[in-house]
Amino acid sequence: MKQIILFGVAGSLLLLSACTNISAVDNSMQQPSLADNWQLQSQYLAVQGNWLDEFKQPELQVLVEKALRQNHALLQQAYQTEIEQQKVEASGAALWPSLDFSLRSTRSKSAELSTYLTSNAASLDVSYEVDLWGKLSAAQRQAKLTYLAQKSSFEQAKQQLVADVVVAWFNQLSAKHLLSLYQSRVNNAEQNLDIIEKGYQQGLNAALDVYLARNNLNSERSRLSQQQANYLDSIRTLERLLGDYPKGQLAIDADIPLISNDIPVGLPSELITRKPQLIASWYQLLAKDAALAYAHKQRFPSLNLNASLSDSSDSLADVFSPTSLAWSLIGSISAPIFQGGKLKANENIALLTLKQSEQQYLDALYSAFNTVESTLTQQNSLSERYQSTLAAAENALIAEQLSFEQYRSGLVSYTTVLDAQGRSYDAQSALIDLKNQLIANRVKLHVALGGDFSLPNNSKSEN
């Protein structure tokens, strides 16, 4: 009869064990079906590596290395990665027996006999939970996947930091070039005012022209003041990224390159396995699947083994004497019977969290594709705008020179001169801004594609 009962229990355990190997994640979700009309299909080439070298700015590369070492936000990510790695170690410890040693010594006085009593006790305890259903393994798997997700997130943070430094670098250059342009606008307005005031004193110009020239000078000075503030702000932004704020000693002087070449975008399937953000999102999804398995297995019995070796003696030297050792070995099975539906609710929460993570992954996936295509579209638009603005700037410069010559000859009014000068300077400002936008858009495209910035000599952050 006992054998029949034991056989039935063993069969039930095997059946339950088979039911615990569950996974609610559809692996085909990692690479869902995608449309064939991937933008610019002719660019089915490997995504460019070492994109940082594209800008040919050695000083920029030095600053990138500095940011990777000192940026406070990135260092937080590095520490969080180490924390998740330690959690993996902690979760793995649950699969091993735990060994505890305790030693207690007491001395007391008897009030009636006025004698002193000494007692010493020591024990060595071993406890071990048998991972029948893989519950502890599921917890360790969740910790490992969470660590891998954080590791990929750290790589994404590094790529984003490099992109932010590059954009901030060129923002400062752009601000500096605009500051120089605005200063030349002020100088030009001062020269114009001087000429017009002298002409007015000679009776050649009207008083209206003097007031218009003064108004123009004040407007240009206001623009210059605002641009000086923008320039200083761009320095502070870059210093914050470098972890150097508030030194205020950063001085940069370089040309802004014109980005006009196309880059290969690769295949959509490559983006899934290349972009760290998507890899992290997938690992996070798998970690939620492991959390569901753990919550499900919480409803099964637990088998614990405990062993103890102990002794007590009046003399500390006699503790653990072979003649008086006591030992015990205990095996116990505990199973949840009734907890008011808490375990079932926890499992449902884990399942719903998993479903939520599935949608988060899909949202991140399609958002990544959308960013690539939108950035490619923007690149084409910016290139066309730059060429049109370049032609407009050339024409505006000629018109500015002709208008002032005609004004001095009395052929046009001063308002015509102001309009021509404004168009010329606006076109020059737009060229600087469009160059900077082309660079920022190119950097965004590199990050969207998951391209590696690859510092020279494989220099990487050591965090």
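Residues numbered from 1 in each chain as written. Predicted model: local features only at pLDDT ≥ 70, side-chain atom pairs only at ≥ 80, totals over all residues. Heavy atoms only, no water.

Engineer: Give a description of the nonpolar core that names residues and reports values.
Structural biologist: Ranked by size, the top nonpolar core spans 61 residues in total, and within it V165, V166 and F170 carry the most contacts. Breaking this core down by element, the ones donating at least two residues are helix 2 (58-70), helix 3 (72-93), helix 4 (135-201), helix 5 (207-242), helix 8 (342-408) and helix 9 (414-449). The greatest single-element share of this core, amounting to 19 residues, is contributed by helix 4. Among the nonpolar cores identified, the runner-up in size contains 26 residues, and L271, L286, A295 and L449 belong to it. (Core = buried A, V, L, I, M, F, W, Y, C linked by side-chain atoms within 4.5 Å. Buried < 20%, exposed > 50% of the residue type's maximum accessible area, 1.4 Å probe, protein only. Helix = DSSP H or I, 4+ residues; strand = E, 2+ residues; numbered from the N terminus.)

Engineer: Lay out helix 4 in plain terms, naming residues and giving numbers.
Structural biologist: Between the first and last C-alpha of helix 4 there are 96 Å, a value that for 67 residues agrees with the 99 Å anticipated at 1.5 Å per step. In the segment just after helix 4, G203 is the residue with positive phi, at about 80°. (Expected span 1.5 Å × (residues − 1).)

Engineer: How would you sum up the sheet that holds strand 4 (residues 326-334)? Please name residues and give values.
Structural biologist: Taken in spatial order, the four strands make up an open sheet running 1-2-3-4, and their pairing is antiparallel. Edge positions in the sheet fall to strand 1 (98-110) and strand 4, since each has one partner strand and no second. Averaged over neighbouring strand pairs, the angle between their axes works out to 20° when direction is ignored. Here strand 1 runs beside strand 2 (residues 115-130); their pairing, made up of 13 bridges, is antiparallel. (Pairing = 2+ DSSP bridges. Axes fitted to C-alpha atoms, helices over the stretch in contact; angles between N-to-C directions.)

Engineer: Would you mind going over the environment of L52 in detail, with residue names and values included?
Structural biologist: Of note, L52 is situated in the loop between helix 1 (2-19) and helix 2. Between the C-alpha atom of L52 and that of G451, which follows or precedes it by 399 residues, the distance is 9.9 Å.

Engineer: Break down the packing of aromatic side chains for me, with residues and values.
Structural biologist: In the structure shown here, the tally under the stated rule is seven aromatic pairs. Both rings, one in F55 and one in F170, keep their centres 5.5 Å apart while their planes meet at 55°; by these two values the pair is tilted. In this pair, F55 is assigned in the loop between helix 1 and helix 2 and F170 in helix 4, connecting sequence segments 115 residues apart. Given a relative accessible area of 3%, F55 falls into the buried group. (Phe/Tyr/Trp six-rings, centres within 6.5 Å; stacked < 30°, edge-to-face > 60°.)

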